[in-house]
Amino acid sequence: MSRSGGMTHRDLLLADPGRARRLHAVSIGGDAIIGSTYAELMPLFEADEQTKSDRHLHEPGGRMEAQLSEWVKDNNSRLPIVAFMAGKFMDDEEMKG
């Protein structure tokens, strides 16, 4: 899952072609009005028994990542999650840590 369509597309292009047919990718975008959040989509990945892990590509500038981490903790998620947050503003005071 990602808020960046470009990062999602790049990630899929880099995926092993033999595995690509088994990948699920969701880019929710970073618009002011978003149809779904990570926390709303996570139960779909959690319910899929063939999903072995969840990878997230993020850009700074929102609270959806924090909501997702609370969902994972509150629901005792079985999925290991790898997250990468990229962007020019990662060193800003609000985003430190």
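This section reports on the structure supplied with the text.

So, how was this worked out
Residues numbered from 1 in each chain as written. Predicted model: local features only at pLDDT ≥ 70, side-chain atom pairs only at ≥ 80, totals over all residues. Heavy atoms only, no water. Core = buried A, V, L, I, M, F, W, Y, C linked by side-chain atoms within 4.5 Å. Buried < 20%, exposed > 50% of the residue type's maximum accessible area, 1.4 Å probe, protein only. Helix = DSSP H or I, 4+ residues; strand = E, 2+ residues; numbered from the N terminus. Contact = heavy atoms within 4.5 Å. Pairing = 2+ DSSP bridges.

## Some words on the nonpolar core
- Residues Met 1, Ile 28, Tyr 38, Ala 39, Leu 41, Met 42, Phe 45, Met 64, Leu 68, Trp 71 and Leu 79 constitute the largest nonpolar core, which totals 11 residues.
- Going through the elements one at a time, helix 3 (38–47) and helix 4 (64–74) are the ones with two or more residues in this core.
- Among the elements that make up this core, the one with the highest residue count is helix 3 (5 residues).
- Sequence-distant contacts of Leu 79, defined by excluding residues within four places in its chain, comprise Met 42, Phe 45, Glu 46, Thr 51, Lys 52 and Ser 53.

## A short note on the pairing of strand 1 (residues 54–58)
- Here strand 1 lies mainly inside the structure; 4 of its 5 residues are buried.
- Bridge analysis of strand 1 against strand 2 (residues 81–85) gives 5 bridges, and the strand direction is parallel. Paired with His 56 across the strands is Ala 83, a residue of strand 2.

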